[in-house]
Amino acid sequence: MSLVPWTEKYRPKRVDEVIGNPDAKRKFVAWLNSWIRGKPAKKAALLYGPPGSGKTSIVHAAAYQFGWELIETNASDVRSSAALRRRVFSAATQGSIFGARSKIILLDEVDGVNPREDHGGLRTILELIEISQYPIVLTANNPWDPRLRELRSLCELIEFRRLKKREVMKVLAEICRREGVDCDRAVLSAIASNARGDLRAAINDLQSLAMGRKRISLEDLNILGLRAEQATMFEIVRSILTARRPEQALGVLRLPSLDYEMLLQWLNENIIFQYSPSLKAISDGYDALSWADIFLARMRRRQKWVLLPYALQLMTAGVASAREKPPFKFVKYSFPEKLRRLSSLRNKRENMKRVLTTISQKLHVSTRVALLEVIPYIKIIYENDTSNAKNILNSLGISEREFKAAFY
Ligand SMILES: Nc1ncnc2c1ncn2[C@@H]1O[C@H](COP(=O)(O)OP(=O)(O)OP(=O)(O)O)[C@@H](O)[C@H]1O
Ligand SMILES: [Mg+2]
């Protein structure tokens, strides 16, 4: 099932709706004003800081609010400088297609430009800043990469910090209000703590919990531990399947107690939902996963633990690097069907064992004989003359419910 992601639906439309980071906001607006007045000290601004703190959002909000045309490129998507040139250079030097309107050029995630793969990608950006007649905004999570030194020197550096828990909760509460979802404060608090300042993650978690409910209580967050486990598996699966760069997916390997066998099952169940409708992405994703499965099997069979890192890389970065990944859509991940069946099979087997043991004790036969020579007759009787069968089961000390749970 896919819906509009709330992160998009509630993206701020005005700069003052961007929550938190007052210093960054002030600095950014001052820099934009210096463009409006004429000559800015720096032609580009580099907004940097942790994920989900509002870097991309503030640029969108400013463009919207000032009525400027937004030329947007995800720098890591631009695999060659030729493509970057084509898309952005003409925009940076020509008048707006909307007449006198001004423009703002956003190069999102410049730290994702890989200089080895992308010869001249950074050079191209430097050149772009030099010739542009319009403000250029760059964003990055890590601006301190030495390769970005020259770029840094050309930019107004604006730091975004992790949002405070209180700020995250405020946004979540407002979304609940607008969605008509009644949510315990304790739940909002738990989501916000868990997100550690990443508002995108917090909003996504809230949307997962709100699926199909008008009320979210603490039990919803934490029904029997199983739920808690699922909630964290949701996050792990989401961070792999929606990673914007394969390297980002590696982050989950830092989790202290990652259950990778479980993760394999979860990915197996959910790749198809997140990657559809792109058949190519689905096929690439499953391809990487199947290699991971092969490595894991060899590792177990031959006790070759050195294979584990390969399996883990394939499972995370490998799956995340599926090509032609469709744009992010909101998907509610589901529990692996295989595990569900295994666990219901396990229950059934246990029920069978219990009934067979009872019969074997009563009739002094082995459980094998009970299974092969007693049960078939009871089944025939049960299907033809239920009340008589009930009497027989009764005399054996077996309830009808037990019998049905084991053999039907
Ligand atoms: N400060 C904020 N105020 C309001 N909403 C925010 C803020 N920060 C993030 N959001 C919400 O979270 C979503 C993701 O934020 P955004 O894209 O701005 O993060 P980012 O800082 O660019 O992160 P990344 O480094 O991962 O690109 C937005 O669509 C918006 O819904
Ligand atoms: Mg961003």
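Owing to the predicted nature of the structure, the values given are computational and were not obtained by experimental measurement.

Definitions and limits used
- Residues numbered from 1 in each chain as written.
- Chains lettered and ligands numbered in written order.
- Predicted model: local features only at pLDDT ≥ 70, side-chain atom pairs only at ≥ 80, totals over all residues.
- Heavy atoms only, no water.
- Helix = DSSP H or I, 4+ residues; strand = E, 2+ residues; numbered from the N terminus.
- Rg over C-alpha atoms; globule rule 2.2 N^0.38 Å.
- Buried < 20%, exposed > 50% of the residue type's maximum accessible area, 1.4 Å probe, protein only.
- Contact = heavy atoms within 4.5 Å.
- Lys, Arg positive; Asp, Glu negative; His and termini not counted.
- Charge placed at Lys NZ, Arg CZ, Asp CG, Glu CD.
- Near = heavy atom within 4 Å.
- Polar contact = N/O pair within 3.5 Å; in protein donor to acceptor, adjacent residues only side chain to side chain.
- Areas by Shrake-Rupley, 256 points an atom, 1.4 Å probe, with all protein chains shown as cover.
- Nonpolar A, V, L, I, M, F, W, Y, C, P; charged D, E, K, R; others polar.
- Phe/Tyr/Trp six-rings, centres within 6.5 Å; stacked < 30°, edge-to-face > 60°.
- Lys NZ or Arg CZ within 6 Å of the ring centre and 35° of its normal.
- Domains from an automatic or database assignment.
- Salt bridge = Lys/Arg side-chain N within 4 Å of Asp/Glu carboxyl O.
- Pairing = 2+ DSSP bridges.

Asker: Please provide a residue-by-residue account of the overall build of the chain, values included.
Answerer: The number of helices and strands found in the chain is 19 helices and nine strands. Expected size for 408 residues packed as a compact globule is a radius of gyration near 22 Å; at 29 Å, the chain overshoots this value by more than 25%. Overall size of the chain, expressed as C-alpha extent along the three principal axes, is 100 × 50 × 35 Å. By residue count, 46% of the 408 residues in the chain fall in the buried class. Counted over contacts in the chain with a minimum sequence separation of 6, partners at least 24 positions apart contribute 75%. One finds the centroid of the 66 positive side-chain charges in the chain at a distance of 1 Å from the centroid of its 44 negative side-chain charges.

Asker: An account of the site of ligand 1 is needed here, citing residue identities and associated values.
Answerer: With respect to spatial proximity, 22 residues lie near ligand 1, and among them T7, I19, K55, T56 and S57 are the closest. I19 is positioned with one of its backbone polar atoms (N or O) 2.8 Å from a nitrogen atom of ligand 1. R244 places a side-chain nitrogen or oxygen 2.8 Å from an oxygen atom of ligand 1. Look at ligand 1: alone it shows 620 Å² of surface, and the protein chains cover 98% of it. Within the residue set of the shell around ligand 1, elements represented by two or more residues are helix 3 (55–66) and helix 9 (199–210). Broken down by class, the residue content of the shell around ligand 1 amounts to nine nonpolar, seven polar and six charged.

Asker: Report on the environment of I175, specifying residues and quantitative values.
Answerer: With respect to the element layout, I175 can be found in helix 7 (residues 165–179). Residues I175 and W6, 169 residues apart in the sequence, show an inter-C-alpha distance of 8.4 Å. When sequence neighbours within four positions are dropped, the list of residues in contact with I175 reads W6, Y10, I203 and L206.

Asker: With reference to specific residues and values, describe the packing of aromatic side chains.
Answerer: This structure, assessed with the given rule, holds eleven aromatic pairs. Ring geometry for F66 versus W68: centroids 5.3 Å apart, planes at 40 degrees, classification tilted. When the ring of Y382 is compared with that of F403, the centres are 5.5 Å apart and the planes differ by 65 degrees; the resulting orientation is edge-to-face. Taken as a pair, Y382 in helix 17 (residues 367–384) and F403 in helix 19 (residues 400–407) lie far apart in primary sequence, 21 residues in all. Taken together through their ring pairs, the aromatic side chains of Y382, F403, F407 and Y408 make up a single cluster. The residue whose ring lies beneath K13 is Y64, and the NZ or CZ to ring-centre distance is 5.9 Å.

Asker: Can you explain the domain arrangement of the chain? Please cite residues and give values.
Answerer: Here the chain is described as being made up of domain 1 (2–159), domain 2 (254–335) and domain 3 (339–407). Here the C-alpha centroids of domain 2 and domain 3 sit 41 Å apart.

Asker: With reference to specific residues and values, describe the pattern of salt bridges.
Answerer: Oppositely charged side chains can pair when the atoms bearing their charge come close. Summed over all chains, the structure comprises 18 salt bridges. For K280, the salt bridge is made with D284, and the minimal N-O distance between the two is 3.5 Å. In this pair, K280 and D284 both sit in helix 14 (residues 279–302), four residues apart, roughly one turn of the helix. Ionic contacts of the salt-bridge type, sharing partners, join the residues E109, R244, R245 and E247 into one network.

Asker: Could you give me a rundown of the pairing of strand 4 (residues 103–108), with the residues and numbers involved?
Answerer: Within strand 4, six of the six residues are buried, which leaves it mostly tucked inside the rest of the structure. Bridge count for strand 3 (residues 69–74) against strand 4 is six bridges, and the pairing is parallel. The residue of strand 4 that forms the bridge with E72 is L106. One ladder, built from three bridges, connects strand 4 with strand 5 (residues 136–140); its direction is parallel. Looking at strand 5, one finds that L107 is bridged to L138.

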